[in-house]
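Structural description and commentary
Residue-level listing of the chains:
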Amino acid sequence: MKIAFFDTKEYDRKAFEPYEGRGGLSFKFYDTKLNADTVGLAAGADAVCVFVNDDVSAAVADKLYEYGVKLIALRCAGFNNVDLSSVFGRIHVARVPAYSPYAVAEHAIALLLCSIRRLHKAYIRTKDYNFSLNGLTGFDLHGKTVGVVGTGKIGRVFIDICRGFGMHVIAYDKFPAPDSGIEYVSLDELFARSDIISLHCPLTEDTRHLVNPGSIEKMKKGVVILNTSRGALIDSEALLEGIKQRKIGAACLDVYEEESDLFFEDRSGHILNDDTLARLITMPNVLVTSHQAFLTEEALANIAETTVKNIENFFAGKPLENEVCYHCENMAACKKNGRKKCF
Ligand code: NAI
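1. Quick notes on the site of the ligand
In the vicinity of the ligand, 23 residues are found, and the nearest of them are Tyr 99, Lys 153, Ile 154, Asp 173 and Thr 228. A distance of 2.9 Å is found between an oxygen atom of the ligand and a backbone nitrogen or oxygen belonging to Ile 154. Here an oxygen atom of the ligand and a side-chain polar atom of Ser 229 are 3.4 Å apart. Alone, the ligand offers 860 Å² of accessible surface; in the complex the protein occludes 88% of this.

2. Focus: the sheet that holds strand S10 (residues 223–227)
Within a sheet, each strand pairs with its neighbour through backbone hydrogen bonds, oriented either parallel or antiparallel. With parallel pairing, the 7 strands of this open sheet are ordered in space as S8-S7-S6-S9-S10-S11-S12. Edge positions in the sheet fall to strand S8 (183–184) and strand S12 (286–288), since each has one partner strand and no second. Pairing between S10 and strand S11 (residues 248–253): 5 bridges, direction parallel. What sits directly across from Asn 227, in S11, is Leu 253. Helix H6 (residues 153–164) rests against strand S6 (145–149), strand S7 (168–172), strand S9 (196–199) and S10 of the sheet, and its axis sits at about 175 degrees to S6.

3. Side note on the domain arrangement of the protein
By the assigned domains, the protein splits into domain 1 (2–99 + 297–333) and domain 2 (101–288). A straight line from the C-alpha centre of domain 1 to that of domain 2 covers 29 Å. Residue-level contacts link 14 residues of domain 1 with 10 residues of domain 2. Taking both partners together, domain 1 and domain 2 bury about 1,000 Å²; carbon and sulfur atoms supply 53% of that area. Put simply, domain 1 and domain 2 have 2 salt bridges between them. With a shortest N-O distance of 3.4 Å, Lys 33 and Glu 265 are connected by a salt bridge. The interface formed by domain 1 and domain 2 includes 5 residue pairs in polar contact (both at pLDDT 80 or more). The residue makeup of the side of domain 1 that touches domain 2, split by class, is 7 nonpolar, 3 polar and 4 charged.

4. Some details on the side chain of Glu 323
Here Glu 323 lies in the segment after helix H11 (297–315). Taking relative accessible area as the criterion, Glu 323 reaches 2% and is therefore assigned buried. At a separation of 2.8 Å, a polar atom in the side chain of Glu 323 contacts the main-chain amide nitrogen of Cys 342. Each residue touching Glu 323, except ones within four places of it in the same chain, is listed here: His 92, Val 93, Ala 94, Cys 328, Lys 336, Lys 341, Cys 342 and Phe 343.

5. As for the layout of surface pockets
By volume, the second largest pocket amounts to about 200 Å³. Ser 115, Arg 118, Gly 249, Ala 250 and Asn 285 are, among the 16 residues lining the second largest pocket, the residues nearest its centre. Only helix H4 (101–116), helix H5 (119–127), S11 and S12 provide two or more residues apiece to the lining of the second largest pocket. Taken together, the residues of the lining of the second largest pocket break down into 7 nonpolar, 7 polar and 2 charged.

6. Points about the packing of aromatic side chains
In total, this model carries 11 aromatic pairs according to the counting rule given. Seen in terms of ring centroids, Phe 5 and Phe 16 are 4.9 Å apart; in terms of plane orientation they differ by 65 degrees. Their pairing is edge-to-face. One end of the pair, Phe 5, is in strand S1 (residues 2–5); the other, Phe 16, is in helix H1 (residues 10–16), and 11 residues separate them in sequence. Note on Phe 5: relative accessible area 0%, which makes it buried. Each ring, one from Phe 5 and one from Phe 29, has its centre 4.8 Å from the other, and the planes form 45 degrees; the classification is tilted. Note that Phe 5 is positioned in strand S1 and Phe 29 in strand S2 (residues 26–29), a separation of 24 residues in sequence.

7. Quick word on the sheet that holds strand S4 (residues 71–74)
A sheet is described by the order of its strands in space; here 5 strands give the open sequence S2-S1-S3-S4-S5, paired in parallel fashion. Unpaired on one side and paired on the other, S2 and strand S5 (92–94) mark the two borders of the sheet. Averaged over all adjacent pairs, the angle separating strand axes in this sheet is 20 degrees, with direction ignored. Across 3 bridges, the pairing between S1 and strand S3 (residues 47–50) is parallel. Each bridged residue has a counterpart across the sheet, and for Phe 5 the counterpart in S3 is Cys 49. On the sheet, H11 packs against S1, S2, S3, S4 and S5 and is oriented at approximately 160 degrees with respect to S4.

Criteria and thresholds
- Once a new chain begins, its residue numbering starts again from 1 and follows that chain's sequence as written.
- Where totals are concerned, whole chains, interfaces and linings use all residues; where local detail is concerned, this predicted model gives features only for residues with pLDDT of at least 70, and gives and counts side-chain atom pairs only at 80 or more.
- With hydrogens and water excluded, all non-hydrogen atoms of the structure serve as input to the side-chain values.
- The near set for a molecule or strand comprises every residue that places at least one heavy atom within 4 Å of it.
- Under the rule applied, a polar contact is a pair of N or O atoms within 3.5 Å (in protein, one hydrogen donor and one hydrogen acceptor; residues adjacent in sequence only if both atoms are side-chain atoms).
- All accessibility values rest on the Shrake-Rupley procedure with a 1.4 Å probe; residue burial counts only the protein chains present in the view.
- Here, any two strands with at least 2 DSSP bridges between them count as paired.
- Where helices and strands are cited, they refer to DSSP runs of H or I of at least four residues and of E of at least two residues respectively, numbered from the N terminus.
- Residue contacts are defined here by distance: any two heavy atoms, one from each residue, within 4.5 Å place the two residues in contact.
- Here, axes are lines fitted to C-alpha atoms. For helices the fit covers the stretch in contact, and angles between N-to-C directions go from 0 to 180 degrees.
- These domain limits were set by an automatic method or by a database of domain assignments.
- Buried area: the accessible surface (1.4 Å probe) lost by two parts on joining, summed over both.
- The working definition used for a salt bridge is a side-chain nitrogen of Lys or Arg within 4 Å of a carboxyl oxygen of Asp or Glu.
- Residues are sorted three ways: Asp, Glu, Lys and Arg are charged, Ala, Val, Leu, Ile, Met, Phe, Trp, Tyr, Cys and Pro are nonpolar, and all the rest, Gly among them, are polar.
- Type-normalised accessible area, obtained with a 1.4 Å probe on protein chains alone, sets the label of each residue: buried when under 20%, exposed when over 50%, and partly exposed for intermediate values.
- Definitions used for this entry: grid spacing 1 Å over protein atoms alone; cavity, a set of points where a 1.4 Å probe fits but cannot get out; pocket, an open set with protein on both sides within 12 Å along at least 5 of 7 lines; lining residue, one with an atom within 4 Å of a point.
- Grid points are joined across faces, edges and corners, and a volume is the space filled by probe spheres set on the points.
- In this scheme Phe, Tyr and Trp rings, the latter by its six-membered ring, pair at centre separations within 6.5 Å, and the angle between planes marks the pair as stacked below 30 degrees, edge-to-face above 60, and tilted otherwise.

Given below as structure tokens:
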């Protein structure tokens, strides 16, 4: 079984190499991302293994199908980069629904603490023997209200950590979890009451630019916004404007809506053409990490194990519990229930 891996880094290869050869699996690792220009590399592969910024749009899906690729094995949870309706009925798609919600939730908290206690500044100061505290005043998390959008696996872990800090948690979810003990409110109420807002929902047509000029208007002055979910949940221009207007107190971004050509790569020494990102990075109250939240040893090992299991189960004709299709969001229309696969 030949598997073509796209957008791979050294840490991906290290995690997957132990599985090479198991049950006849043969791996080909490519540095390049999958897109219309590179899809030719998938010719002869039985499956492709892709990550968050690989582009499986309709044109790419057509080519994969033509080459006889039968499975798109995502080594991530989100699948907004796959045109699910165009692959349906032709190529199966499996994902890794959870590999470490702790990795992502803990990174969100790390960003929050770093930002509000000015650790990013203190680190640089003390390296230069500057032991002054001027400008480093932070605020207590204890007693603050945090609004969590999306109370799935990562959102729940994040909530538990926040409660440990003595924060008051409110949440919004399109599908609230019954009997969870979470105080659900409307999005508008969440915007109005939260000192800190953390995004943990998927990117869908509903959630694209959830943070926009209108929603920023409803937020408290000085609000801290955390995004470890998907970049396009935030209208970046509106975020920048909110920061310039001093309405937004701080932003911690592990994802960015135009990240695909930048994040995961060393762009030092290059001219950054994205003026919005460049301006955001210059702000003293903006912290950017480049889609790093998932990157723990535990998460990488879990990703490799589940991805390989998805591939093996698929080619062995076993039920593919991690398959996704465009019907899956609507449980009533989901054909997988009671069947092995989505089609
Ligand atoms: P999950 O599927 O367990 O939870 C998502 C939650 O969002 C669910 O409770 C769902 O009901 C809710 N939701 C769906 N539509 C919504 C809407 N329109 N408004 C509000 N809530 C809505 O997913 P999980 O594992 O908690 O992951 C959350 C997101 O985190 C993923 O979609 C992914 O984009 C992102 N992620 C980021 C990583 C990183 O390295 N930065 C790594 C892994 C995931």
